[in-house]
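Observations on the three-dimensional arrangement
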Amino acid sequence: MAGGRETRLTLIGFLLICMKMVASAKSAPEIPTIDQAYSKISNSITVEWATVPGATSYLLTAEDGDTVIETMVANSPGTVTGLKAATLYEITIRSISAAGRSQASPPKQAKTVLAAPILEVSSPSSDSILVQWEAVYMAIGFSVSIMQANGLGSIWKENTTNTSLTFTSLEAGTLYTIKAYAWNANGIPGDDSTCNQRTSPRAPANIQVSFDSGALKASFSWALAEGAFNYTVMALSDSSELTCSTAFSSCTISSLQCGTEYLISVSASNDAGSSKSSSTVTLKTVACAPGRVTIQEDPPGHLSVAWSNVDLGDYYVVFVKSDDGLEVHCNTSLTECNFLSECGFTYFISVFAYNKAGQSPLGDIFNYTTAPCCPSDINPVLVSSDRVEIVWSPVRGAELYETKAADGYNTVECNDTVPACTLSALECDTKYNITVYSFSEVRGSNMSCTPQFITTAPCSPEIKNVSRDAFSTINVHWQSTNDDATYTVTAQGEKGLYQCSSMGESCTMRGLPCGSVFSVTAVAETQAGRSLPSYSVPLETVPCCPTGLTVTQITQSVINVSWTIGRVAQTHVAVLESHTGQSKCHTHQNYCLLGCITCGVNYTVTLKAISATGLTADCSYQSYFSGACCPLGVKLYRLGSNGIRIYWQASRGSASYSTDLYGSKGIFTCTPSAGLSFCDVTEIPCGDVYTVMVSPVAETGLKLTFCPKKIYSVTCSGSTLGMVIYRGKRNEE
């Protein structure tokens, strides 16, 4: 049973496969037939065939026995690429549709053409081009053609079996196009190869030379050569070779040597190479500057200039220029010239050689200085007590100036290269004989110079004393040894500057402000100038008196004196003085308490302001009247049921009084009539304790409250008069 089932299954599978094959054979496209296959390019073969109905594309296959190359194409003709040159291939084709691909067509053989030769070209001369290549596989001959790249002219074609060929009789500097291909034994041409080559240019003609003698350079120009990209100029001498290159028709060579003959040639070049050099041109440069120049002054006032001969020099010119701008020259074919000279001048001498090319380069410039002249415009620009600074105009030929100052006893000297001198360490108020001598290393000093007399500034005075008098006048005394000098004393401080002058040895200054510090100096002045200031002496004026003095009575015997502190006052002394005595205090504050003051007395108030150095200013002010004395024996008496009489004993001096009773039920005040020593208070409640104070009243109406207070008790029992009981003094103010 099992074996029968396996047999049936195998049969069914075989039938299915057969059915599938039959269905496939009916849907695949037809096999195409190749009409022809040929090669036009060495790496490809083109195939042509009849179109197959239903085919959407075609698969081309090329086989050479070693490799298989396939290419998918859409329709005929189709090309297989990537092949080897000169190689026989077997070509087949298959048609392809959506249902599948057909079987391969019958093969057809085709051979690729020869490869193109690889060219190497050059231009060995301006009228020829050499073409070279390597052998090509399967080639038996080559064809090479040439024509101008611009299309002008004719085409020149040559066949050869060699691997090189030279074209001659070409145009110089012209771009040519070269084309070459190989052919096989059947005469079939292969791929061609094309390249361009330019012939080298001809040598430039019509060479012109322009020489710049001052810069020792030459400019060269020529006619442009056809096809030349660049030009090179060579200047050749016995000792050097110089060149310049350019793309234009001129260039310049610098740094030529003087006294030299050069051979000049020009060559042109392009990408093909360089032309032959042109015919040479001769260039002679200017002569070199003469050397071994000697200058002599013999006799004085005559200059002789000599030098040595130079190559290519035809004649010589000597230029002599003085430092004032005047220039002379001589022209000679010899080697010596003579000139006139003057004292105090520097002469600048140069020698040039000349030929047809021009003037020689500038050689060394020599200078020759004759004996210097004396300074004549000596001017003192600064004259002080111990120095004299003088200046003068520079003189011809002077390299150094020697200045001497003599007073008959001593001599002071200074040497300098500039026309100025500062003579120091001189005596003040002294007349000096000052002479300036000019000097040069070549000629030495000119000792015939004229002296000049200069007097130094006066000596500084010495302040001996600064004094003050009671009226704030300042007297300054000094000591000096000057002749005919005027003295000025200056006091300078924060408050300004004050001066006084005198031809003697003292002067007076007034009006200096209080509370100031000054620096006092003295200066002497003559026609020669001003002295240095004396050493300063400090001066302090008395302190300023305070302003706003106020006197306030504190108690019956104590008053307070206060004020606004004045400038530089450090302490103050306040004094109250009367016929009864004096009260005084010394304080560093702006107030002072003075005791032991007698009441009811007229006092004189004075205040002294004292500086830190002890200077005192006495300040007087208006008088002060001390307050009236407090009354004595203050007592209270009952007046009826609700009245009180306050009685007291008046102190010395006339005064008005005011009485005040302070109780829990109110304050009661009464003022007595003038001259009375009692007053009555009515309607005062009984049964209360009262503080009673009787106070003097000042002329200004101010009630003095420093008198003692007493306490009394006013009862309501006993009688209609009641009782007034003294309870003691109150400790309140």
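Residues numbered from 1 in each chain as written. Predicted model: local features only at pLDDT ≥ 70, side-chain atom pairs only at ≥ 80, totals over all residues. Heavy atoms only, no water.

**Section: unusual backbone geometry**
Note that the residue after Ser76, namely Pro77, is joined by a cis bond; omega there is -5°. Looking at where Pro77 falls in the secondary structure, it is placed in the loop between β4 (68-73) and β5 (78-81). Not every positive phi belongs to a glycine, and Met138 is a case in point at roughly 75°. Look at Met138 and you get partly exposed, because its relative accessible area is 39%. Positive phi is not limited to glycine here, since Leu312 has a value of about 65°. In this fold, Leu312 is placed in the loop between β25 (302-306) and β26 (315-322). (Helix = DSSP H or I, 4+ residues; strand = E, 2+ residues; numbered from the N terminus. Buried < 20%, exposed > 50% of the residue type's maximum accessible area, 1.4 Å probe, protein only.)

**Examining the state of the cysteines**
Tallied over the full model, the rule gives 13 disulfides. Linked covalently through their sulfurs, Cys244 and Cys251 form a disulfide whose S-S length is 2.0 Å. On the sign convention where negative is left-handed, the bridge of Cys244 and Cys251, at about 40° about the S-S bond, is right-handed. Judged by relative accessible area, which is 10%, Cys244 ranks as buried. (Disulfide = S-S within 2.5 Å.)

**Focus on the sheet that holds strand β2 (residues 44-49)**
Strand order in the open sheet made by the three strands is β1-β2-β5, with antiparallel pairing throughout. Each end of this open sheet is capped by a strand with a single partner; those strands are β1 (34-38) and β5. Strand-to-strand twist of the sheet, defined as the mean angle between neighbouring strand axes without regard to direction, takes the value 20°. Summarising the sheet, β2 and β5 pair through four bridges and their orientation is antiparallel. Looking at the pairing, Thr46 lines up with Thr79 of β5. (Pairing = 2+ DSSP bridges. Axes fitted to C-alpha atoms, helices over the stretch in contact; angles between N-to-C directions.)

**A closer look at the UniProt feature "domain: Fibronectin type-III" (unreviewed entry) in the chain**
As recorded in UniProt, the feature "domain: Fibronectin type-III" (unreviewed entry) lies at residues 115-203, 289-373 and 374-459. The span residues 374-459 shows a helical share of 0% and a strand share of 49%, and its end C-alpha atoms are spaced 33 Å apart. (UniProt positions renumbered as here; feature names shortened; annotations may be inferred.)

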